[in-house]
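This is what each chain is made of:
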Amino acid sequence: MTADPSSPADAAAQVATGSTAAPPAATTPRRTDIPEHGPERGPHQARDRAVPADPPADPPADPPADPPADPPAGPPPDGSGGVLGRHYRALTLGIISVVSLIAFEASAVNTAMPVAARALDGIGLYAFAFSAFFTASLFAMALSGVWSDRRGPLAPLFSGIAAFGAGLVIAGGAQSMGMFVAGRGVQGLGGGLAMVSLYVVVGRGYPERLRPSVMASFSAAWVVPVIVGPLVAGTVTEHLGWRWVFLSIPVLILLPLAVMLPALRKLPRTAPGPDGGLRHILASRRSLLALAVAVGASLLQYAGQHPSWFALLPAAAGLALLAPAIVRLLPRGTFRAGRGLPTVVLMRGLAAGALVAAESFIPLLLVTQRGLSATLAGLSLTGGGLTWALGSYVQSRPRLDAHRERLMGLGMALLATAIVLVPLVLIDGVPVWTVAVAWTIGGFGMGLNISSGSVLLLKLSRPEEAGSNSSSLQMSDALGNVAFVGVSGVLFAAFGGGSIAAAGTASAGAADAAGAATTSHPAAFLAVFTAMAVVAAAGAVVAGRLRPKAGRHPATA
């Protein structure tokens, strides 16, 4: 597969191979001033004697005529040695460390959140502790894309890590629920900046052959935190207090900073242009559109949690801001499944939204309909994390690179199958471990789909558009989550699930699922899982439009 000739990797290849150190034009003048001596063999010595003033024909120590500003001296251009070879080891370990911290925070904070909300007397603002993170990350994702394209990924990456740590400190030291929600918003800013810039780092720091393996490491970095995060967070919360779940994580941020910095300094740098200042970046069209999306999403979430006639006003304002802005932020043709890049972005939203919406209702189903404890219900989902990493590893195999589009379609089909299998446990004769088996199938499908989509996005993006397109992918992910979780909530309530939720809340803290089960409404769960299975199946159908039209540049197809 031939890389883009204008990419930084090819420029690095020319320097690393010495192709610019001794250009042919340097020897041409001497040959024209020397008479012919017959055959090629022998006259070289005569030519050297005839022009003693000329420099040697092979000056090994001569530097290139026009050396780059920041030559990537380390990594070989062909990516030999793998992502954990000596040339890429520091960068890969740094990336895994950052992703692992974000994953651990996500799983640990979710465990400590109920205790924190009760301690701060803020149960009424409980949902906003999650939505603040989401809305802030929406804005930060678009900002990070513009920032990375104009100035390179280093500044947004380290700014994001710093903001992420600052948000944890603010939340951990909060004396009120309002301050806690503000800290979660700062965390969202940091997480959005860091994740998008990491995609750009992968695009600039690794050759195309190694990118599937790097994306597999993204998924692998979630496995251990997802498994041990809730257990560690629960233990810390019970013995030390909920604040230490937040305050202990910033100390660990020093590790990826120390590991990554030397490797990141070797990446090709982007020379700042006239519009590369932070003020111009914040005032860019894409950043302003992302701000409109974040504000619109906040207004819609507020309206959804305050069902009244008065809520129609913020709902209408939020929709007016969100709808036109998101259409302009995502690649043209995303919502009509345009060939190539638009379909990659669309499928990320479909996959992430269907998975998260279905997964959100699985513990509730198992607790209220089959009488499982909350711990056992949560454990039924852990197998999906392991097989997600396995699917990501499988897609990284070089021999499967030519079938990446089919892998994404297969992943969506497996996810649809898993979602269809889950509501079978509503039948008393079906064993409850069916859910665990189903979710291992769905996790494997997500590993194939998500990692392949990330690789395909970088392949279909021009180097100068990698940041913006990566932010579009992440925004599609986040928007899919909020949209399909919202749709699932509406369906669940419409089919009588509200009484289940109320009963489940009343019996929370005790493993008394029998009281909740007396208000059984299996139709509510069936409506949710049927709708999300349809969403996943739709993703499998549109996978046929992942390949761009022949003869067109992938980024514009």
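Residues numbered from 1 in each chain as written. Predicted model: local features only at pLDDT ≥ 70, side-chain atom pairs only at ≥ 80, totals over all residues. Heavy atoms only, no water.

**Points about the overall build of the protein chain**
On a plain count of helices and strands, the protein chain comes out with 23 helices and 0 strands. The buried share among the 557 residues of the protein chain stands at 47%. Put simply, of all contacts in the protein chain between residues at least 6 apart along the chain, 81% involve residues at least 24 apart. As displayed, the protein chain has an accessible area near 25500 Å², and 67% of this comes from carbon and sulfur atoms. (Helix = DSSP H or I, 4+ residues; strand = E, 2+ residues; numbered from the N terminus. Buried < 20%, exposed > 50% of the residue type's maximum accessible area, 1.4 Å probe, protein only. Contact = heavy atoms within 4.5 Å. Areas by Shrake-Rupley, 256 points an atom, 1.4 Å probe, with all protein chains shown as cover.)

**Here we look at empty space enclosed by the protein**
A full pass over the atoms with the stated rule returns 1 cavity of 30 Å³ or more. Computed from the structure, the largest cavity encloses a volume of approximately 60 Å³. Every residue along the wall of the largest cavity is listed here: V98, L101, I102, I161, F164, A194, I253 and P256. Secondary structure elements with two or more residues in the lining of the largest cavity: α4 (89-119) and α6 (154-172). For the lining of the largest cavity, the element with the most residues is α4, which contributes 3 residues. Classifying every residue of the lining of the largest cavity gives 8 nonpolar, no polar and no charged. (1 Å grid on protein atoms, 1.4 Å probe; cavity = no way out; pocket = protein on both sides within 12 Å on 5 of 7 lines; lining within 4 Å. Points joined across faces, edges and corners; volume = space filled by probe spheres on them. Nonpolar A, V, L, I, M, F, W, Y, C, P; charged D, E, K, R; others polar.)

**Regarding α6**
In this model α6 runs 27 Å from its N-terminal to its C-terminal C-alpha over 19 residues, within 8% of the 27 Å that 1.5 Å per residue would give. Burial in α6 covers these residues: P156, L157, G160, I161, A163, F164, G165, G167, L168, A171 and G172. (Expected span 1.5 Å × (residues − 1).)

**Quick word on a positive patch on the surface**
A cluster of like positive charges, contributed by R332, R336, R545 and K549, occupies part of the molecular surface. Among the residues examined, R332 registers a relative accessible area of 79% and is labelled exposed. (Patch = residues over 30% accessible without salt bridge, like charges linked within 9 Å, V, L, I, M, F, W, Y side chains within 5 Å. Salt bridge = Lys/Arg side-chain N within 4 Å of Asp/Glu carboxyl O. Lys, Arg positive; Asp, Glu negative; His and termini not counted. Charge placed at Lys NZ, Arg CZ, Asp CG, Glu CD.)

**Quick look at the packing of aromatic side chains**
Following the criterion strictly, the structure yields 6 aromatic pairs and no others. Considering the side-chain rings of F180 and F246, the 5.4 Å spacing of their centres and the 85 degrees angle between planes classify their relative orientation as edge-to-face. Here F180, found in helix α7 (residues 177-205), pairs with F246, found in helix α9 (residues 243-247); they are 66 residues apart in sequence, far enough to count as distant. For F246, a relative accessible area of 0% gives the class buried. (Phe/Tyr/Trp six-rings, centres within 6.5 Å; stacked < 30°, edge-to-face > 60°.)

**Some points on unusual backbone geometry**
The phi angle at A337 is positive, at roughly 55 degrees, despite the residue not being glycine. Positionally, A337 belongs in the loop between α14 (312-329) and α15 (341-370). Since its relative accessible area comes to 7%, A337 is described here as buried.

**What to know about the packing of helix α18 (residues 404-421) against helix α23 (residues 522-542)**
Packed helices, taken two at a time, are described by the angle between their axes plus the distance between the axes. Axis separation between α18 and α23 bottoms out at 8 Å; the angle between their running directions is 165 degrees. It follows from the interaxial angle that α18 and α23 lie roughly antiparallel. Pair α18 / α23 crosses with left-handed handedness. Together, G409, M412, A413, L415, A416, I419 and V420 of α18 and F529, M532, A533, V535, A536, A537, G539 and A540 of α23 make up the contact between the two elements. For the contact of α18 with α23, a count of residues per class yields 13 nonpolar, 2 polar and no charged. (Axes fitted to C-alpha atoms, helices over the stretch in contact; angles between N-to-C directions. Parallel < 35°, antiparallel > 145°, perpendicular 65-115°, else oblique. Left-handed = near helix turned anticlockwise from the far one by under 90°.)

**Digging into the confidence of the model for the protein chain**
Looking at the protein chain, pLDDT values average 75 and 75% of them are 70 or higher. Mean pLDDT per element in the protein chain: helix α1 (residues 8-17) is the minimum at 38, and α18 is the maximum at 94. Within the model, pLDDT remains below 50 along residues 1-55, and this stretch shows 26 contacts once partners closer than five positions in the same chain are excluded. A low-confidence stretch, residues 501-518 stays under pLDDT 50, and its non-local contacts, those more than four residues away or across chains, total 11 contacts. (pLDDT = per-residue confidence, 0-100.)

**Here we look at the pattern of salt bridges**
Here the structure, examined in full by the defined rule, presents 3 salt bridges. Of the charged contacts, one joins R547 and E405 as a salt bridge, the two residues approaching to 3.1 Å between their closest N and O atoms. Here the residue R547 occupies a position in the segment after α23, and E405 occupies one in helix α18, the gap between them amounting to 142 residues.

**What to know about the environment of G442**
Along the polypeptide, G442 turns up in helix α19 (residues 433-460). For the pair G442 and L415, spaced 27 residues apart in the sequence, the C-alpha separation amounts to 4.3 Å. In this structure G442 touches L414, L415 and A418, once residues within four positions along its chain are discounted.

**With respect to the nonpolar core**
Proteins that are soluble and globular tend to have nonpolar side chains buried together. Membership of the largest hydrophobic core comes to 125 residues, with the highest contact counts inside it found for I95, F180, F218 and I419. Here the element with the most residues in this core is α15; it accounts for 15 residues. Apart from residues lying up to four places away in sequence, I419 is in contact with A354, A358, W439, F529, M532, A533 and A536. (Core = buried A, V, L, I, M, F, W, Y, C linked by side-chain atoms within 4.5 Å.)

**Observations concerning the environment of I326**
Positionally, I326 belongs in helix α14. As a C-alpha pair, I326 and A290 span 36 residues in sequence and 7.7 Å in three-dimensional space. Sequence-distant contacts of I326, that is, excluding residues within four places in its chain, are made with V293, F335, M475 and L479.

**Remarks on the packing of α15 against α23**
Where α15 meets α23, the closest approach of the two axes is 9 Å, and the angle between their N-to-C directions is 160 degrees. It follows that α15 is roughly antiparallel to α23 by the angle criterion. Note on packing geometry: the crossing formed by α15 with α23 is left-handed. Residues belonging to the contact of α15 with α23 are distributed by class as follows: 17 nonpolar, 5 polar and no charged.

**Points about a nonpolar patch on the surface**
Taken together, V224, I227, V228, V232 and L386 make up a surface patch of nonpolar side chains, about 380 Å² in accessible area. Among the elements that take part in the nonpolar patch, helix α8 (residues 211-239) stands out by supplying 4 residues, more than any other. Within the element layout of this structure, I227 appears in helix α8.

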